[in-house]
Amino acid sequence: MKPNELTLRSLILGALITTVFTAANVYLGLKVGLTFASSIPAAVISMAILSAFKDSSILENNIVQTVASAAGTLSAIIFVLPGLVIVGWWTGFPFWQSFLICLSGGVLGVLFTIPLRRALVTTSDLPYPEGVAAAEVLKVGSGTRGETKDETGEAREGLRAVIIGSVASAGLAIITATRIAAAELNGFFHVGVNASTGYNFAWSLALLGAGHLVGLSVGMAMLVGQVISWVIAVPWLTSMQPADVGQTLAAHTTVIWRTQVRFIGAGTIAVAAIYTLIRLAKPVMGGLVSTLVASRAVATADETDRDIPPMWIYVLTALCLAISAWLAYTFAKSTVLAPSALSLTLIAVPFVLIVGFIIAGVCGYMAGLIGASNSPISGVGILSIVICASVIMLAVSPTADNRQALVAFALFVTAIVFACATISNDNLQDLKTGQLVGASPMRQQIALIVGVAAGASVIPFVLNLLAKAYGFAGAPNVDVVAANPLPAPQATLISALAQGVIGGSLEWKMLGIGAAVGVGLVVLDAALGAMKKLRIPPLAVGIGIYLPMSATFAVIVGAVISHWYDGRSRSMPNPDRAQRLGTLVASGLIVGESIWGVINAGLIVGFSKDAPIALVPEDFALAPWLGVIGFVGAIVWLYGWMLRRSRAVQPATAGRV
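Along each chain, residue indices are assigned from 1 in the same order as the chain's sequence is written. Per-residue local features of the predicted model are confined to residues with pLDDT of at least 70, and side-chain atom pairs are confined, for both listing and counting, to 80 or more; whole-chain, interface and lining totals are unaffected and use all residues. Side-chain numbers come from the whole structure's heavy atoms, not from hydrogens or water.

1. Section: the overall build of the protein
The helix count covers DSSP runs of H or I at least four residues long, the strand count covers runs of E at least two residues long, and both are numbered beginning at the N terminus. Per the secondary structure count, the protein includes 22 helices and 2 strands. Buried residues are those whose accessible area, probed at 1.4 Å on protein chains only, stays under 20% of the maximum for their type, while exposed residues exceed 50% and partly exposed ones sit between those limits. Here the protein holds 657 residues, and the buried ones make up 58% of them. By sequence separation, contacts in the protein at least 24 residues apart represent 83% of the contacts at least 6 residues apart. When the accessible surface of the protein is split by element, carbon and sulfur atoms take 67% of a total near 25300 Å². Throughout, a residue-residue contact means that at least one pair of heavy atoms, one from each residue, lies within 4.5 Å. Only the protein chains shown count as cover for residues, and all accessible areas are computed by the Shrake-Rupley method using a 1.4 Å probe.

Here you go:
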C-alpha cells in the first residue's frame, strides 16, 4: 500500500505552522535582519502530531515541512516591502496589493526552479546542507521503512524542546513587558575630551537563539562590526563634531551613529554582498549551463522524478505575470506617473520575468552550495533595486514632482522579484529533502505553492500590526504608539539605495568609507580562509556595523554559547541528536519571543499604550538587576536541560537509518 503523502491534514497542519513561523520570522527579520529556517522545527512538530495517526508517513511529514518552509523564506519580503512605508509612500500595507505581491512573486519562484530540479538536485553533487539535515531529522524521527512510530523518542523530545524554548523566551519577554525586569541596559559616556560612545545590551532570548543557529563565525563577525561601529567610528566622528548647545550626550552620540556610522555599515554590506555574488558566479553559471542541457530531458512516469506538467507551468506563469502587470499598472496609474503607466508596466513585466528567472537560478544554486540561511539574499535585493531603479530612469526622467513616485514604483516592482528570489532560495532545498526520503517532486511543488499562499495571507496583517505598534527606523511613523521603532535594516538600506539612484540623496562619503572597509574585510576573510582559521564573513561584519548594539549583543552571546555547546555535544553518547536538540531549543527561543512580540504589538495598538501590561513604573530600581538575572538564569537552565537530556540518550546504533 502506497504511504500517504499530499493529504488535506498535511496541508492544513503545514499552513498552521507556516502562520506561526511567518509571524515570528517577520518580527525577527525587522528587528535584527535575520530569519530562521523553519523546515527542521516544522518537521519535528509534524512528526510529533501526526504520530497519533496510524496511517501517517515520512512522506506526509515531508509535505508539512515543505509547506512550512515558506515561513522561513517568503517572510524575507520584509527586506524590501517595508521600504514603501519607510520612504513615506504607504502608511500601512494594503492587504490585496501586499498579498498579491507575495503570491505572484512566490509562485513564480516555485515555477522558475522546476526546470532546474534535475540538474541542480537529482544529478548534482551540491551539498544542500539544510535539505540534507531536514531529511535526516525525518528519517530518524520516522523510524525505518517509512513508519512514523517514534521508536527513538526523538520526535516527542524535539517537540518538547521547541515548546520549552518558546515558553522560556516568551516568559522572559512577558516579564520585561511588565517592567518588573528591564529588557535592556544602556548608557553613554565620554572618551577623552569631545569623543563619546555608548552601549546597549538587550536581554533577548530570541536573538540568543538566532546566535545559536548562525554559529561562531557569524557571531564573531558581528562582534567585529560592533567594535568598528562603537569603539572606532562613533568616538572618531563625535570627536570631530562636538555636540550642539543643550544637546545631551546620548542624543548627540545616537545622531552621529544613525546619520553617519550606519552608512559605513551600508557601504560594507553592499561590497560584501556583491563580492559574495561574484565569488559564486562561476559555480552558478556552470550549474545553469548544465541545467539547460538537463531541461531537454523527457518527462518520466516515475513519481520520484515527476514535476508539475509543463502546461500548468506555462498557465501559472502567465497568470502570475498578468497579476504582476495589473499590480504595476494600477500602482503607477494612481500616482503622478499615470501618463507613463503603460510604458512602466511594459518595463516591469519583462523585468519580473527575465530578472526573476535569472535570480531564481542564482538563488537556487547558492542555496544548494551554502544553504538557504547563509545565501546572500540581501545582496540580490541590493542589485535588484539598483538595476530596477536605473532601468526605470531610462523610461521616465526624475523630476522634483515624480521622484518620490519613481522610488516607490522601483521598490514595488523589486518586491515582486524579491518574493520570487526568496522562494527559489528555498524550493530546491526542499526538493533535495524530498529526493532523500523518496518523495514526489510534483506533490512538493504543489505543497510549496500552498505554503506561499498561506504565508502571503499572513504577512500583510503582521506587517500592519507591527507598523502601527512600533513603526520602522527612518519612516515618518505617524500615530505609532511605541517609542522604539523596529530597525528593519535591509528595508532601510534598500530604500536608501533607491532614493540614492533616483534622487542622489545618499551619504556618499560614509558609503565610500564603508566600501573601503568592506574591501579590507574581504581580503582579511580570504586570508583567514587560506590559513584554515575561523572565517569573518564581511556581510555579517557590515550588518554588525549597521544594526544597533541591542540587536546584535544577544546574537553574539548565543553564537559563543553555541560553539561551547557543540564542543560539549561531541562527547555525548549521540552527538548528532544532541546538536539537533540545541537547534530545536534555539528555534523555540525565536518562535516564543517573536510570537509574543506580535501579540504585544496587538495589545499596544488595542490599548494605545506603549507598555499595556506594565505593573511598575519605568524607573523601577530593581528592574536592571532582575533583567540580567532572568536572562542569565534562563540560559543556564535551558542549556543545562539540553546537556542532561543529551547524556541520558543511548548511543546511535550503526543500523539506524
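Here the narrative resumes, following the displayed structure.
2. Details of a nonpolar patch on the surface
Where nonpolar side chains cluster on the molecular surface, the patch consists of Ile175, Ile180, Leu615, Leu622, Trp625, Leu626 and Ile629 and spans about 730 Å² of accessible area. For the nonpolar patch, the leading source of residues is helix α22 (residues 623–648), giving 3 residues. Residues with no salt bridge and a relative accessible area higher than 30% make up the patches, which join like charges within 9 Å and nonpolar side chains (Val, Leu, Ile, Met, Phe, Trp, Tyr) within 5 Å. We define a salt bridge as a contact between a side-chain nitrogen of Lys or Arg and a carboxyl oxygen of Asp or Glu at a distance within 4 Å.

3. Examining the pairing of strand β1 (residues 184–191)
Pairing between strands is defined by DSSP: at least two bridges between the two strands are required. Relative to strand β2 (residues 195–202), β1 runs antiparallel, the two being bridged by 8 bridges. In the strand pairing of β2, glycine 187 is matched with tyrosine 199. Hairpin connection of β1 to β2: 3 residues between the antiparallel strands, including glycine 192 at a positive phi of 80°.

4. Quick notes on unusual backbone geometry
Residues other than glycine seldom take positive phi values, yet arginine 179 does so here, at roughly 75°. At lysine 532, a position not held by glycine, the phi torsion is positive, near 60°. When you line up the elements, lysine 532 lands in the loop between α18 (508–530) and α19 (538–546).

5. Looking at the environment of isoleucine 392
Mapped onto the elements, isoleucine 392 comes out in helix α14 (residues 377–395). Taking the relative accessible area as the measure of exposure, isoleucine 392 reaches 2% and is therefore buried. Expressed as a C-alpha distance, the spacing of isoleucine 392 and phenylalanine 409, which sit 17 residues apart in the sequence, is 8.7 Å. In contact with isoleucine 392, not counting residues within four places along its chain, are Leu344, Leu406, Phe409 and Ala410.

6. Some words on the nonpolar core
With 180 residues, the main nonpolar core has Leu30, Leu81, Phe409, Leu466, Tyr470 and Phe472 as its most contacted residues. Tallying contributions element by element places helix α15 (residues 403–437) first for this core, with 18 residues. Leave out the neighbours within four places in its chain, and phenylalanine 409 touches Ala328, Phe331, Ala332, Leu337, Leu344, Ala348 and Ile392. Among the nonpolar cores identified, the runner-up in size contains 7 residues, and Leu116, Leu120, Tyr365 and Leu428 belong to it. Among the buried residues, those of types Ala, Val, Leu, Ile, Met, Phe, Trp, Tyr and Cys that are joined through side-chain atoms within 4.5 Å form a nonpolar core.

7. Here's the deal with the packing of aromatic side chains
Working definition: rings of Phe, Tyr and Trp (its six-membered ring) pair if their centres are within 6.5 Å, and the pair is stacked with planes under 30 degrees apart, edge-to-face with planes over 60 apart, and tilted otherwise. Considering all chains together, one arrives at 20 aromatic pairs under this definition. Between phenylalanine 95 and phenylalanine 461, the aromatic rings sit 5.2 Å apart at their centres with planes inclined by 35°, giving tilted as the arrangement. One end of the pair, phenylalanine 95, is in helix α5 (residues 95–113); the other, phenylalanine 461, is in helix α16 (residues 441–469), with 366 residues separating them in the sequence. Overall, phenylalanine 95 belongs to the partly exposed group, its relative accessible area being 25%. The interplanar angle of 90° and the centroid separation of 5.7 Å between the aromatic rings of tryptophan 96 and phenylalanine 99 together place this pair among those described as edge-to-face. Within this pair, tryptophan 96 and its partner phenylalanine 99 are both found in helix α5, separated by 3 residues, close to a single helical turn.

8. Here we look at the pattern of salt bridges
The full count for this structure, using the stated rule, is 2 salt bridges. Across the salt bridge formed by glutamate 60 and arginine 9, the nearest N and O atoms sit 2.6 Å from each other. Residue glutamate 60 is found in helix α3 (residues 58–73), and its partner arginine 9 is found in helix α1 (residues 8–32); the two are separated by 51 residues along the sequence. We classify arginine 9 as partly exposed; its relative accessible area is 24%. Salt-bridge contacts for arginine 535 lead to aspartate 525; the nearest nitrogen and oxygen are separated by 2.9 Å. Here arginine 535 is found in the loop between α18 and α19, whereas its partner aspartate 525 is found in helix α18, with 10 residues between them in sequence. Using a relative accessible area of 35% as the deciding quantity, one classes arginine 535 as partly exposed. Of the residues examined, aspartate 525 reaches a relative accessible area of 6% and is grouped as buried.

9. Description of helix α9 (residues 205–240)
Every α-helix carries 3.6 residues per turn, so stepping three or four residues along brings you back to the same face. Given a helix with a known number of residues, its expected span is that number minus one, times 1.5 Å. The end-to-end C-alpha separation of α9 is 37 Å, well short of the 52 Å expected for 36 residues at 1.5 Å each. The angle separating two fitted axes, one through the seven residues that finish at a residue and one through the seven that start at it, defines the bend at that residue. Along α9, the sharpest change in direction is near 115° and occurs at glycine 215. Here a polar contact is recorded for every N or O atom pair within 3.5 Å, except that within protein the pair must consist of a potential hydrogen donor and a potential acceptor, and residues adjacent in sequence are included only if both atoms are side-chain atoms. Two or three places before alanine 206, at the opening of α9, serine 204 has a side-chain oxygen 3.5 Å from that residue's backbone nitrogen.

10. Observations concerning α22
Between its first and last C-alpha atoms α22 spans 37 Å; for 26 residues at 1.5 Å apiece the expected length is 38 Å, and the two agree. Those residues of α22 that fall on the buried side of the exposure criterion are Ala623, Gly627, Phe631, Ala634, Ile635, Leu638, Tyr639, Gly640, Trp641, Met642, Leu643 and Ser646.

11. Brief notes about the confidence of the model for the protein
Per-residue confidence from the predictor is reported as pLDDT, which spans 0 to 100. Per-chain confidence: the protein averages 82 in pLDDT, with 87% of residues scoring 70 or above. Model confidence for the protein, summarised as mean pLDDT per element, is weakest for helix α11 (residues 281–294) at 58 and strongest for helix α12 (residues 310–333) at 93.

12. Comments concerning the environment of isoleucine 359
Among the structural elements, isoleucine 359 can be located in helix α13 (residues 341–370). Every residue in contact with isoleucine 359, bar those within four places of it in the chain, is listed here: Gly364, Val380, Ser384, Val417, Ala421 and Ser424.

13. Re the packing of helix α20 (residues 553–569) against α22
Following both chains from N to C, one finds α20 and α22 inclined at 25°, their axes separated by 12 Å at the closest point. By the criterion of interaxial angle, the relationship of α20 to α22 is roughly parallel. Here α20 and α22 pass one another in a crossing that is right-handed. The segment α20 lies against α22, with Ala554, Ile561, Trp564, Tyr565 and Arg568 engaging Phe631, Ile635, Tyr639, Met642, Leu643, Ser646 and Arg647. Only Asp, Glu, Lys and Arg are considered charged, only Ala, Val, Leu, Ile, Met, Phe, Trp, Tyr, Cys and Pro nonpolar, and every remaining residue, Gly among them, polar. Broken down by class, the residue content of the contact of α20 with α22 amounts to 9 nonpolar, 1 polar and 2 charged. Angles here are taken between N-to-C directions and fall from 0 to 180 degrees, while the axes themselves are lines fitted to C-alpha atoms, restricted in helices to the stretch in contact. Between 65 and 115 degrees an angle is taken as roughly perpendicular, under 35 as roughly parallel, over 145 as roughly antiparallel, and anywhere else as oblique. Handedness of a crossing is defined here by the sense of rotation of the near helix relative to the far one, left-handed for an anticlockwise turn of less than a right angle and right-handed for a clockwise turn.

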